[in-house]
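If you want the building blocks of each chain, they are given just below.
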Amino acid sequence: MEKILITGAAGQLGVELTTALASKYGASNILASDINSESAKKFNSVKFLTLDATDSKHIENIIVTENITQIYHLAAILSAKGEDNPLFTWDLNMRSLLGILEAARKYQLKIFWPSSIAVFGNDTPRKNTPQNPRMIPGTVYGISKQAGEQWCNYYAKKFKVDVRSLRYPGLISYSAQPGGGTTDYAVDIFYKSKEDKKYTCFLSKDTRLPMMYMPDAIRATLELMEAPASEIKTRTSYNVSGVSFTPAELAEEINKHIADFKILYEPDFRQHIADSWPQSINDEVAEQEWGWKPKYDLKKITIDMLKNIKCEAY
Ligand code: AKB
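Residues numbered from 1 in each chain as written. Predicted model: local features only at pLDDT ≥ 70, side-chain atom pairs only at ≥ 80, totals over all residues. Heavy atoms only, no water.

A few words now on the sheet that holds strand 11 (residues 243-245). Sheet strands line up and pair through hydrogen bonds in the backbone, either parallel or antiparallel. Read across the sheet, three strands follow the order 7-9-11 without closing on themselves; strand pairing throughout is mixed. Bordering the open sheet on either side are strand 7 (170-172) and strand 11, each of which pairs with just one other strand. Averaged over all adjacent pairs, the angle separating strand axes in this sheet is 40°, with direction ignored. By the bridge criterion, three bridges tie strand 7 to strand 9 (residues 209-213) in an arrangement that is parallel. What sits directly across from G170, in strand 9, is M211. Across the face of the sheet, helix 7 (residues 214-226) comes into contact with strand 7 and strand 9 while running at roughly 80° to strand 9. (Pairing = 2+ DSSP bridges. Helix = DSSP H or I, 4+ residues; strand = E, 2+ residues; numbered from the N terminus. Axes fitted to C-alpha atoms, helices over the stretch in contact; angles between N-to-C directions. Contact = heavy atoms within 4.5 Å.)

Let us look at the environment of N61. Structurally, N61 is set in helix 2 (residues 56-66). For N61, a relative accessible area of 46% translates into the label partly exposed. Taking the C-alpha atoms as reference points, N61 and F120, separated by 59 residues in sequence, lie 36 Å from one another. (Buried < 20%, exposed > 50% of the residue type's maximum accessible area, 1.4 Å probe, protein only.)

With 22 residues, helix 4 (residues 86-107) extends 31 Å from end C-alpha to end C-alpha; this agrees with the ideal 32 Å at 1.5 Å per step. Of the residues one or two after helix 4, Q108 is the one with positive phi, at around 50°. (Expected span 1.5 Å × (residues − 1).)

Every residue lining the ligand is accounted for by L78, S79, S116, I117, Y141, G181, T182, T183 and W277. In the environment of the ligand, an oxygen atom lies 2.7 Å from a nitrogen or oxygen atom belonging to the side chain of S116. At 2.9 Å, a side-chain N or O of T183 approaches a nitrogen atom of the ligand. When isolated, the ligand has an accessible area of 250 Å², and the protein chains bury 92% of it. Per-domain counts for the shell around the ligand show at least three residues from each of domain 1 (2-168 + 211-237) and domain 2 (171-208 + 241-279 + 294-306). (Near = heavy atom within 4 Å. Polar contact = N/O pair within 3.5 Å; in protein donor to acceptor, adjacent residues only side chain to side chain. Areas by Shrake-Rupley, 256 points an atom, 1.4 Å probe, with all protein chains shown as cover. Domains from an automatic or database assignment.)

What the seven strands build is an open sheet, ordered 3-2-1-4-5-6-10; its pairing is parallel. Of all strands in the sheet, those bounded by a partner on one side alone are strand 3 (47-50) and strand 10 (238-239). In the sheet, strand 1 (residues 4-7) pairs with strand 4 (residues 70-73) via four bridges, with the strands oriented parallel. For T7, the partnering residue across the bridge sits in strand 4 and is H73. Contacting strand 5 (110-116) and strand 6 (162-168), helix 5 (residues 140-159) crosses the sheet at an angle of about 150° to strand 5.

To continue, consider the UniProt feature "domain: NAD-dependent epimerase/dehydratase" (unreviewed entry) in the protein chain. In the numbering used here, UniProt assigns the "domain: NAD-dependent epimerase/dehydratase" (unreviewed entry) feature to residues 4-240. A helix fraction of 40% and a strand fraction of 19% characterise residues 4-240, whose end C-alpha atoms lie 24 Å from each other. (UniProt positions renumbered as here; feature names shortened; annotations may be inferred.)

Here strand 8 (residues 198-201) shows a clear split, with Y199 and C201 buried on one side and none of K198 and T200 buried on the other. Both strand 8 and strand 12 (residues 262-265) contribute to a ladder of four bridges, which runs parallel. Pairing of C201 across the sheet is with Y265, part of strand 12.

A separate point is the packing of aromatic side chains. If you walk through the whole model with that rule in mind, you get twelve aromatic pairs. Consider the rings of Y185 and F202, whose centres lie 6.4 Å apart with planes at 90°: the pair is edge-to-face. In this pair, Y185 is assigned in helix 6 (residues 185-195) and F202 in the loop between strand 8 and strand 9, connecting sequence segments 17 residues apart. For Y185, a relative accessible area of 0% gives the class buried. According to the relative accessible area criterion, F202 is buried, its value standing at 7%. Between W290 and W292, the aromatic rings sit 6.2 Å apart at their centres with planes inclined by 35°, giving tilted as the arrangement. For the residue pair W290 and W292, the accessibility class agrees, reading buried in each case. (Phe/Tyr/Trp six-rings, centres within 6.5 Å; stacked < 30°, edge-to-face > 60°.)

Set out below in structure tokens:
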């Protein structure tokens, strides 16, 4: 019987992953946690705990008292917000991961930890980015994800910890909003297209970035975690691709449904971050090792987002 703790459960990925894990393992076997106690209201059917993911003593106590067998450690500060306070971002992202890896070694837990396309940098090939290119990340978030990947690999090889990871591209969803990322425009634009019929984008019109629709991201996560351990040969983190598009291409797709929608461009500091990231991802290693295949293209994402997002004006 699995008993699963999720850190950072109130975030964009956490909310939907918690629902998916509750329907797979039963709500009584899922513990959602977040540092923000206000987040409790997002979780009706699963137990919620207020938890600082850097508090390793509290985590150990939960593991023992709740008989935890798996942790999905999602708590982190993302790329754009991370640049406001680099040392705090490094401390939170790394200390929380190391505490969880240590607990996994001690209690033989299975771990999921998200990495990101932010591990890549200016000297990485930007098109069809391979699994193991040269990577010198340009943000503190990217540095923490790159270092975290090395720690996951180290714990897997040295202590046989079953830790698994995906390098998510920008995630698009309607249930929970992202916060503090460089790819957030691809969610904001849908809300603004319905509320105001206009959106000012903080990236330039031709900035192509890899993105993934949340149902694909949830399926990738569950498929990775369900695969037999012997098939998971990559213990840093897997490239996974969904779809790649520019703000102008996304606006054009939205225009097919909202004809008078207008997009303006006012690139800010996030443009430099986006310019150092891949435009598209080669995920053949994930495909070969555990069979990854995305299902959602830009057209399907746009239709589903516009159908499901709830705005004040609607
Ligand atoms: C961000 O923009 O920081 C995240 C990511 C790609 O990891 N969405």
